[in-house]
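Topology and contacts: notes
Residues per chain, in single letters:
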Amino acid sequence: SQKIEQNSEALNIQEGKTATLTCNYTNYSPAYLQWYRQDPGRGPVFLLLIRENEKEKRKERLKVTFDTTLKQSLFHITASQPADSATYLCALGRGSYIPTFGRGTSLIVHP
Amino acid sequence: DSGVTQTPKHLITATGQRVTLRCSPRSGDLSVYWYQQSLDQGLQFLIQYYNGEERAKGNILERFSAQQFPDLHSELNLSSLELGDSALYFCASSGRLAASTDTQYFGPGTRLTVL
């Protein structure tokens, strides 16, 4: 069955640095991948979507890459700020199927 | 604010009981999704409704059921509750039939505690 792996350990970085989060998957060929942000006790918020034929997508300080050969997506936040501290979830989907979510990685940006 | 509302915000009940969670989608959205999120399982898709009809089913237990009403609000019914049902339950909505690449807008969630 398909498996989505996100680092369960929190990522701690200093303000101003670039945060890089990883989403790996196996036994699956997603047509697209989404990234969501989730704050404690709140619902996920959609950030970016990247399709299988796109290598990279950018939105303000966010950048997502999608490598179908490595079966991996990288999510970058440049010039990180303490307000970026949250859990980031990746979700993979194909066709009309409901996307499957990873368990997320916690990002902590220290001032 | 996503525009999706969920009630109640918190719910504490005992094993064996039955509860109903309510969700109102964003104005104009026809699809409603229910998810369960626990520490050990992550965000698990339960069920999707579109314009009143069930469209997709995920890891939903037989003790759980849902429906979407003509005014498009949805209810998730959880019965014969067990300790393991304690979790955050999220509702999400989107505009079109297929979730696919549609952005899902999540509500604030209902935290269910089964004692």
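Everything here concerns the structure above.
In this report, we go over the structure that sits alongside the text. (Residues numbered from 1 in each chain as written. Chains lettered and ligands numbered in written order. Predicted model: local features only at pLDDT ≥ 70, side-chain atom pairs only at ≥ 80, totals over all residues. Heavy atoms only, no water.)

1. Describing the nonpolar core
Ranked by size, the top nonpolar core spans 23 residues in total, and within it Leu 33, Trp 35, Phe 75, Tyr 88 and Leu 92 of chain A carry the most contacts. Setting aside residues no more than four positions away along its own chain, Leu 33 of chain A makes contact with Cys 23, Leu 48, Leu 49, Ile 50, Phe 66, Ser 73, Cys 90, Ala 91 and Leu 92 of chain A. One finds Leu 11, Val 19, Cys 23 and Tyr 49 of chain B within the second-largest nonpolar core, a separate group that totals 21 residues. (Core = buried A, V, L, I, M, F, W, Y, C linked by side-chain atoms within 4.5 Å. Buried < 20%, exposed > 50% of the residue type's maximum accessible area, 1.4 Å probe, protein only. Contact = heavy atoms within 4.5 Å.)

2. Considerations on the state of the cysteines
The final tally for this structure, using the stated rule, is 2 disulfides over all chains. Between the sulfur atoms of Cys 23 of chain A and its disulfide mate Cys 90 of chain A the distance is 2.0 Å. Handedness here is read from the sign of the S-S torsion; for Cys 23 of chain A and Cys 90 of chain A, about 65°, the answer is right-handed. With Cys 23 of chain A in strand β3 (residues 19–26) and Cys 90 of chain A in strand β9 (residues 86–93), this pair connects stretches of sequence that are 67 residues apart. Judged by relative accessible area, Cys 23 of chain A falls into the buried class, the value being 0%. By relative accessible area, which is 0% here, Cys 90 of chain A ends up buried. Linked covalently through their sulfurs, Cys 23 of chain B and Cys 91 of chain B form a disulfide whose S-S length is 1.8 Å. Around the S-S axis, the bridge from Cys 23 of chain B to Cys 91 of chain B shows a dihedral of about -50° and counts as left-handed. Within this pair, whereas Cys 23 of chain B is found in strand β3 (residues 19–24), its partner Cys 91 of chain B is found in strand β9 (residues 87–94), the two being separated by 68 residues in sequence. A single burial state applies to Cys 23 of chain B and to Cys 91 of chain B, both of which are buried. (Disulfide = S-S within 2.5 Å. Helix = DSSP H or I, 4+ residues; strand = E, 2+ residues; numbered from the N terminus.)

3. Structural notes on the pattern of salt bridges
One pass over the full model with this rule turns up 9 salt bridges over all chains. Here Arg 94 of chain A makes a salt bridge to Glu 52 of chain A, at a shortest N to O gap of 3.9 Å. Taken together, the positions of Arg 94 of chain A in the loop between β9 and β10 (100–101) and Glu 52 of chain A in the loop between β5 (45–51) and β6 (56–59) put the pair 42 residues apart, joining distant regions of the chain. Residues Asp 85 of chain B and Arg 63 of chain B are paired through a salt bridge, measuring 2.8 Å at the closest nitrogen-oxygen approach. Taken together, the residues span a long stretch of sequence, with Asp 85 of chain B in the loop between β8 (74–78) and β9 and Arg 63 of chain B in the loop between β6 (53–57) and β7 (64–68) at a distance of 22 residues. (Salt bridge = Lys/Arg side-chain N within 4 Å of Asp/Glu carboxyl O.)

Nothing here speaks to function; it is geometry throughout.
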